[in-house]
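Structural characterization, general
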Amino acid sequence: MAATVLLYQLGLLASVAITLVALRIAWQHRDNRGGLALVVLLGSAATWSASVFVSSLWPGAHLAILVGNVGYISVTLVVPSLFAFVLAYTGRTKYPTRRTIAALAVEPIALTALIWTNDAHRLIWTAVGTDGEALDGISRTMGPVFPIHTLYSYVLLVIAIALLVVFAVRSRYRYRRQVAAVVVAALVPWMANAAYHVVDLPADPTAIAFTVTAIAFTWAVVREDFLSVTPVTTQIVLDTIETAVFVVDTTDRLVEYNARASELLGFAGEDRVGTDVRSVIDDPAILDTYDEMVGHRSPAQREFEAADRYLRLQSSPLIERNDDLVGHVFLVVDLTEQREREQELQRRNEQLDRFASVVSHDLRSPLQVASASVELARETDGGDHLDRAERAHERMETLVENLLTLARGNDAIQRDPVDVTSTAETAWSFVETAEATLATDCSLTIQADPDRLQQLFENLFRNAVEHGSSGESPGNSSLQVRVEALSDPSGFAVTDDGPGFDPDAVEDIFEMGYSTESSGIGYGLSIVSHIVEQHGWSITATNAPDGGARIEIRTDL
């Protein structure tokens, strides 16, 4: 018997010590959701264990009866405080009102009054006396009110457990461990109490069983931090939202995240709840942006480039009703596809603007040819001039169609075997060349769009005649333009014997709007570059070894 009493007393002391540690931790979080209810719960449990321990030291003494009464008063607070905590914990914040708290306080207050006045009415215990076999030396015979108190306590307990179970089922993410800890903490002491009443145990183990409650809550507070950011704060439709969402507390620990966030941040398939968020974000750009935004009490938003992605990071503070900042919710939106669509749209718009100018530029040569031919036809009766004018008009129509097709993108390219020499000679006939001459040394057939290849040559020839002549007007000198084949890799080059390119400007000549002439509009070579790009070829500009400009186009890449 003595060994049993000693073991029971050691268990009570351990229960008091562990519960006080948990109480100290809960006190530090008392202003958070459910924190005050938890403080009352653990304080009452510690008082209960302490009162039973003191009673066991002086069994049968009047002190044991007084201390026992104090213990019973603490028992009346345990279940209501547990119930109030569960209401707050499971997000039923509209229920813990002053009226609800007052209603929960009625039973403990009434029972406390009845306990201290029991000698007058015997409603709690019909008889209180000494019992040599009881550990506290006191025998109590229950009165009519005590079973009502027990039933009331178990009803509240069952409701609280049901609320927790329902919440656990709905909490499909990492809070299941946290909820499980709360359920265990609530169940174990009352299972011990039920066993005491059903089985003939030598002592009531309920007070010692609260050690499990204290350990479970301490673990939940320290490891899961459930008093700072409860599961309710992160029920943000995580199952349906495709946006990456993660929640951090004020110490930058991950409290919750969805699958998209784990993929985007780089730890898919791993459980990182409780981990410092900085240790799981491996992208410096995301981390720098996070550091800029965290800690603020107002929503914030940043857009930035991370690796090969464009992201938007949005933060919303989590502020409790007592105005304490307890964490942040972050949304990470991948803008990469949106940005690519915007850039493509911008490129298309710029392309359309460019080709609107190109149309007017490229139509100039056939217009000049047509005008000159009509004028000559008026002066002579030669039908050749009218035929040439007709061809020029046909060329203008083809140019309009081709340029509009070109504006629609690369998918409009129609490749056929094309003879480079014949295409170059045809293009030369549509350019106002005056005294300039064309020489070809290029027995080469390539896969290309015939009309666009002719357009390419026309712009190259026009550029050579306009910028390669030494006279006051294009073509007044005996400029020679030559088309020749390349060998490694295959392709062709267009050279002239004019002054050549400015070495400092070679890299800029293909830019839209670049021109060395004040009257020039700078579209010719940019059109050439664009046609080359559409075909997937390469183009380089340089000066020939013996002088003059040289443009090489390599078609076999």
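Now for a description of the structure that goes with this document. Computed from a predicted structure; not experimentally measured.

With that settled, consider the overall build of the protein chain. A tally of regular secondary structure across the protein chain gives 16 helices and 14 strands. Per-residue burial for the protein chain yields a buried fraction of 47% across its 557 residues. Here the protein chain has roughly 27100 Å² of accessible surface; of this, 55% comes from carbon and sulfur atoms.

Axis separation between helix 1 (residues 2-28) and helix 2 (residues 35-57) bottoms out at 9 Å; the angle between their running directions is 160 degrees. Taken together, the axis directions place helix 1 and helix 2 in an arrangement best described as roughly antiparallel. Here helix 1 and helix 2 pass one another in a crossing that is left-handed. Where helix 1 approaches helix 2, its residues Tyr8, Gln9, Leu12, Leu13, Ser15, Val16, Thr19, Leu20, Ala22, Leu23, Ala26 and Trp27 are matched on the opposing element by Leu38, Val39, Leu42, Gly43, Ala45, Ala46, Ser49, Ala50, Val52, Phe53, Ser56 and Leu57.

Here the focus is the packing of aromatic side chains. Inspection of the entire model under this criterion finds nine aromatic pairs. Centroid distance Trp125 to Phe146: 6.4 Å. Interplanar angle 35 degrees. Geometry classified as tilted. Placement of Trp125 in strand 1 (residues 125-130) and of Phe146 in helix 6 (residues 145-170) is noted, with a sequence separation of 21 residues between them. The residues Trp125 and Phe146 share a single accessibility class, namely buried. Arranged with centres 5.1 Å apart and planes meeting at 35 degrees, the rings of Phe457 and Phe492 form a pair that is tilted. Here Phe492 lies in strand 12 (residues 490-496) and Phe457 lies in helix 15 (residues 450-468), a separation of 35 residues in the sequence. The structure contains a cluster of three or more aromatic residues connected by ring pairs, namely Trp428, Phe457, Phe461 and Phe492.

What follows covers a nonpolar patch on the surface. Where nonpolar side chains cluster on the molecular surface, the patch consists of Leu6, Leu10 and Leu13 and spans about 280 Å² of accessible area. Considering the arrangement of structural elements, one finds Leu13 in helix 1. Residue Leu13 is classed as partly exposed on the basis of its relative accessible area, which comes to 42%.

In this section: the sheet that holds strand 12. Spatially, five strands are ordered 9-11-12-14-13 in an open sheet, and the strand pairing comes out mixed. In this open sheet, the two edge strands, each paired with only one partner strand, are strand 9 (437-441) and strand 13 (538-543). For this sheet, the mean angle separating the axes of adjacent strands, direction not counted, is 20 degrees. Where strand 11 (residues 480-487) lies against strand 12, seven bridges are found, and the strand directions are antiparallel. Of the residues in strand 12, the one forming a bridge with Val483 is Val494. Those strands touched by helix 15 are strand 9, strand 11, strand 12 and strand 14 (549-554), and its axis lies near 25 degrees from that of strand 12.

Right, let's get into the sheet that holds strand 6 (residues 309-319). Strand order in the open sheet formed by five strands is 4-3-7-6-5, and the pairing between neighbours is antiparallel. Each edge of the open sheet is held by one strand with a lone partner, namely strand 4 (254-257) and strand 5 (300-306). Strand after strand, the sheet turns through a mean of 20 degrees between neighbouring axes, direction not considered. Sheet analysis places strand 3 (residues 244-249) next to strand 7 (residues 325-334), joined by six bridges and oriented antiparallel. Paired with Ala244 across the two strands is Val332, which belongs to strand 7.

Conventions we followed
- Residues numbered from 1 in each chain as written.
- Predicted model: local features only at pLDDT ≥ 70, side-chain atom pairs only at ≥ 80, totals over all residues.
- Heavy atoms only, no water.
- Helix = DSSP H or I, 4+ residues; strand = E, 2+ residues; numbered from the N terminus.
- Buried < 20%, exposed > 50% of the residue type's maximum accessible area, 1.4 Å probe, protein only.
- Areas by Shrake-Rupley, 256 points an atom, 1.4 Å probe, with all protein chains shown as cover.
- Axes fitted to C-alpha atoms, helices over the stretch in contact; angles between N-to-C directions.
- Parallel < 35°, antiparallel > 145°, perpendicular 65-115°, else oblique.
- Left-handed = near helix turned anticlockwise from the far one by under 90°.
- Contact = heavy atoms within 4.5 Å.
- Phe/Tyr/Trp six-rings, centres within 6.5 Å; stacked < 30°, edge-to-face > 60°.
- Patch = residues over 30% accessible without salt bridge, like charges linked within 9 Å, V, L, I, M, F, W, Y side chains within 5 Å.
- Salt bridge = Lys/Arg side-chain N within 4 Å of Asp/Glu carboxyl O.
- Pairing = 2+ DSSP bridges.

Read these as layout, nothing more, since geometry by itself doesn't imply function.
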